[in-house]
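In case you want the letters, here they are:
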Amino acid sequence: MKDRVLMGMLLFVCSEAIFFLMLVLAYANFHKVTGATAAAALDPYRTAIFTAALLSSSVTMWLAERAREKESNAVSVWLFMTILLGGIFMVGQGFEYYHLVTEKITISRDLFGSTFFTLTGFHGLHVIIGLILLSLLFVLALFGRRHEPTVIGMQAIAIYWHFVDAVWIVVFSMVYLWRYV
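Let me sum up the structure you'll find in this document. (Residues numbered from 1 in each chain as written. Predicted model: local features only at pLDDT ≥ 70, side-chain atom pairs only at ≥ 80, totals over all residues. Heavy atoms only, no water.)

1. Observations concerning unusual backbone geometry
For step 1, the next point in the chain: Located in the positive-phi region is Glu71, a residue other than glycine, with phi close to 55°.
For step 2, the next point in the chain: Following the sequence through the fold, Glu71 ends up in the loop between α3 (44-69) and α4 (75-102).
For step 3, the next point in the chain: When its relative accessible area of 38% is taken as the criterion, Glu71 is described as partly exposed.
For step 4, the next point in the chain: Positioned with a positive phi, Lys104 is a non-glycine residue whose angle comes to about 65°. (Helix = DSSP H or I, 4+ residues; strand = E, 2+ residues; numbered from the N terminus. Buried < 20%, exposed > 50% of the residue type's maximum accessible area, 1.4 Å probe, protein only.)

Below, the structure is given as structure tokens:
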């Protein structure tokens, strides 16, 4: 059973990796178009702070996994920290979207808006899904029986969460740092 659960998650993550690869390639293809550009509209320094929160959440997720394997009560603490850090990232994305919309940069304005909001929006959706899954683990850790959440459940969701973080490294590099290359 364990192998099937992990294999299923790995196959899902691989299919999502191909999906994000296509979105990143579309962004790269239309990078040098006229209209709003990443260089003019985005603040990579502010986004780097929220990026640090998201990437730190991979560490807290790893600590939650280790605590679960040791049957420690710290599982819920580390899961809460993971959820908090992921939530901070989403608040940052919300602020960024608000700023862009007030600057009249929207998904329908031009090619930059279309590719930027599609790429970062789908990533945000994946973060939200991950936060829901992590919240389920957190509730199980608080109110479940002794062996909940299961180690295999933690591992499967951890694979998904680490994938979401890895995708953001690529997205952040392409969207926010490419202008410095």
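Having seen the model, we can carry on.
2. Overview of the packing of α4 against helix α5 (residues 111-143)
For step 1, the next point in the chain: Where α4 meets α5, the closest approach of the two axes is 9 Å, and the angle between their N-to-C directions is 155°. Relative to α5, α4 is oriented roughly antiparallel. Note that α4 runs across α5; the crossing there is left-handed.
For step 2, the next point in the chain: The residue makeup of the contact of α4 with α5, split by class, is 18 nonpolar, 10 polar and one charged. (Axes fitted to C-alpha atoms, helices over the stretch in contact; angles between N-to-C directions. Parallel < 35°, antiparallel > 145°, perpendicular 65-115°, else oblique. Left-handed = near helix turned anticlockwise from the far one by under 90°. Nonpolar A, V, L, I, M, F, W, Y, C, P; charged D, E, K, R; others polar.)

3. Describing the nonpolar core
For step 1, the next point in the chain: Met61, Leu79, Phe116, Leu119, Leu134 and Val175 are the most contacted members of the largest nonpolar core, which has 44 residues in total.
For step 2, the next point in the chain: Going through the elements one at a time, α1 (2-29), α3, α4, α5 and α6 (151-177) are the ones with two or more residues in this core.
For step 3, the next point in the chain: By residue number, the principal contributor to this core is α6, which donates 15 residues.
For step 4, the next point in the chain: Aside from chain neighbours lying at most four places away, what touches Leu134 is Met61, Leu79, Thr82, Ile83, Ile157 and Trp161. (Core = buried A, V, L, I, M, F, W, Y, C linked by side-chain atoms within 4.5 Å. Contact = heavy atoms within 4.5 Å.)

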